[in-house]
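Here is what each chain is made of, one letter per residue.
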Amino acid sequence: MDSFLIKGGIPLQGEVTISGSKNAALPLMAAALLTADTCTLRRVPDLSDTRFMLRILESLGAETRFENGTVTIRAASLRGFGDYDLIRKMRGSICILGPLLARLKEATVSLPGGCIIGTRPIDLHLKGLAALGGRIEIEGGYVKAKAKKLEGNTIFLGGRAGPTVLGTANILMAAALAEGVTVIESAACEPEVTDVAHFLIGMGAKIQGLGSPTLTITGVRELHGTDHEVIPDRIEACTFLCAAAATKGDVLVHGAKPEHFGAVSDKLQEAGVQLKREGASLRVSRSGRLKPTDITTLPYAGFPTDVQAQFIALLCQAHGTSVVTERIFESRFMHVAELMRMGAEIAIEGPSAIIKGGRPLSGAPVMASDLRASAALVIAGLAAEGETMVNRIYHLDRGYERMESKLQALGANIQRVEGE
Ligand code: UD1
């Protein structure tokens, strides 16, 4: 397993270009199963997760190509039985269920596993598909879904922690080919869901209410191929903002959509970070001390849970006490113990992390536990004095395209150390 060796203390300086969004690309690839025509997706990030999704689509019979950030998918013939082990390994693969059921009226897909950040149930996905007429059974680790036909319905998709992102995408995709009108209430408003809706509209779907909590879908008989550019990755962009701020750097970020950052821009500025639009780009810089701030993760446009870990790494540098409350996933503080190895002073109390910041971090060997936790450890390593070895960065390779070369271009001293 590969590791990153980071020699910290160097302010990040220069320019970085943001890649396409992983969390949009995964359901977009699944949506291509809704038609027998060829679909083209541009600005797809080259990541182990996107490669993995293509393998899943191929295992279902689709022909795929991935060259220079462009993916083509042609699902002319398709089977509804997914490879158990392939699907089980990646949470994002659950969004093939809606398209398979809509197109074939039958789908057998292994239950995606839980993961380190929480149990990650799929009850809302199943509730939505059942409301459209799917008969769902769980048997031998598989979800088996069948339907004579899918029919529009009004579906409330809110759960204990609010709306579901992939659940909304799944039902949206299935409803696009259902008979009649579907209304999704308490739909997720994340930009990745809106991107899926735009793609579906490009395929001939009829959807209203994009970006709002009420999506109205009028089913059509058939969808056709289309060409679509994936939105930029707001989580990657926010990760670079945190890294620049943590190292007292000055970075010009190209290709991002700051209007997708939601509460992150506001909280960075509250902490004393400067953000300035320069044409289509965004400059992030920090000259003075960081101020403590409190954040609570919430559905969009609230503070994203996927930036919580990176923000904690940043707040370790802020002089004073910050409180970070996690409201989306129950066990998403795995990075805290690792940050404490580097000298951070953090206490966990229920869903909150209390950070007493301002003490300099010092490099240490640390272990990445999940994708965003890995990013937090990299940020801490870049800001810390001395050497940090971040082990198990395969998590990071799932979601960040060429992270070390982007950081090297900003002057960071970061090397990949290849493991067995
Ligand atoms: C997506 C993102 C993930 C992000 C998360 C929240 C992808 C590939 N992943 O995951 O990076 O952290 O959104 O922004 O896009 N829930 C249920 N029942 C369900 C589904 C979800 O109770 O059927 C709960 C979850 O346990 C969690 C909350 O709803 O507490 C939100 O999860 P959800 O939005 O579904 O996350 P994902 O779509 O899986």
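All values reported here derive from a predicted model rather than from experimental measurement. Per chain, residue numbering runs from 1 following the sequence as it is written. In keeping with the model being predicted, local features are shown solely for residues with a pLDDT of at least 70 and side-chain atom pairs are shown and tallied solely at 80 or more, while totals for entire chains, interfaces and linings include all residues. Side-chain descriptors were evaluated using all non-hydrogen atoms of the structure, hydrogens and water having been removed beforehand.

**Here we look at the sheet that holds strand S1 (residues 3–7)**
Note the following rule: For two strands to pair, DSSP has to find at least two bridges joining them. The way it works is that DSSP assigns letters per residue, a run of H or I at least four long becomes a helix, a run of E at least two long becomes a strand, and they are numbered from the N terminus. As a rule, the C-alpha atoms of each element are fitted with a line to give its axis, helices using only the stretch in contact, and angles between N-to-C directions run from 0 to 180 degrees. Whether two residues are in contact is decided by their heavy atoms, any of which lying within 4.5 Å being enough.
Here four strands make up an open sheet; going across it, the order is S21-S22-S1-S23 and the pairing mixed. Either end of the sheet is taken by a strand with one partner, and the two such strands are strand S21 (365–367) and strand S23 (413–417). With direction set aside, neighbouring strand axes in the sheet form an average angle of 20 degrees. Both S1 and strand S22 (residues 387–391) contribute to a ladder of four bridges, which runs antiparallel. By the bridge assignment, lysine 7 is partnered in S22 with glutamate 387. Contacting S1, S21, S22 and S23, helix H12 (residues 371–383) runs over the sheet at an angle of about 25 degrees to S1.

**A look at the nonpolar core**
Just so we agree on the cut-off: Nonpolar cores were defined as sets of buried Ala, Val, Leu, Ile, Met, Phe, Trp, Tyr and Cys residues, with membership established by side-chain atoms within 4.5 Å. Relative accessible area decides the class of each residue, using a 1.4 Å probe on protein chains only: under 20% of the type maximum gives buried, over 50% gives exposed, and in between gives partly exposed.
Residues Ile96, Leu172 and Leu200 are the most contacted members of the largest nonpolar core, which totals 75 residues. Ranked by residue count, the leading element in this core is helix H6 (residues 165–176), at eight residues.

**Focus on the pairing of strand S16 (residues 281–285)**
The side chains of a regular strand alternate, residue by residue, between the two faces of the sheet. Of all five residues that make up S16, four are buried, and the element is covered over most of its length. Pairing geometry for strand S14 (residues 250–254) and S16, over four bridges, is antiparallel. Each residue of the ladder has a partner; that of aspartate 250, found in S16, is serine 285. Sheet analysis places strand S15 (residues 274–278) next to S16, joined by five bridges and oriented antiparallel. Across the sheet, residue glutamate 278 finds its bridge partner in S16, namely serine 281. What sits between S15 and S16 in their antiparallel hairpin is a turn of two residues, with glycine 279 showing a positive phi close to 60 degrees.

**Thoughts on the domain arrangement of the protein**
Defined as follows: Where each domain starts and ends comes from a domain assignment, either automatic or drawn from a database. The quantity reported as buried area is the accessible area (1.4 Å probe) lost by two parts once they are put together, taken as the sum for both. In what follows, salt bridge is the name for a side-chain nitrogen of Lys or Arg lying within 4 Å of a carboxyl oxygen of Asp or Glu. Polar contact is the term for a pair of N or O atoms within 3.5 Å; when the atoms are in protein, one must be able to donate a hydrogen and the other to accept it, and sequence-neighboring residues count only if both atoms are side-chain atoms.
The assigned domain composition of the protein is domain 1 (3–18 + 232–417) and domain 2 (22–229). One C-alpha centre belongs to domain 1, the other to domain 2; they are set 30 Å apart. Each side of the interface is counted separately: domain 1 has 24 residues, and domain 2 has 20 residues. Across the domain 1/domain 2 interface, buried area totals approximately 1800 Å², and carbon plus sulfur atoms make up 52% of it. Ranking the residues of domain 1 by area buried against domain 2 places Tyr300, Arg398 and Glu401 at the top, with a combined share of 28%. Linking domain 1 with domain 2 are two salt bridges, by the criterion used here. Residues aspartate 49 and arginine 398 are paired through a salt bridge, measuring 3.1 Å at the closest nitrogen-oxygen approach. Taken together, the links from domain 1 to domain 2 amount to eight residue pairs in polar contact (both at pLDDT 80 or more). Where the side of domain 1 that touches domain 2 is concerned, the elements lending two or more residues are H12 and helix H13 (394–399).

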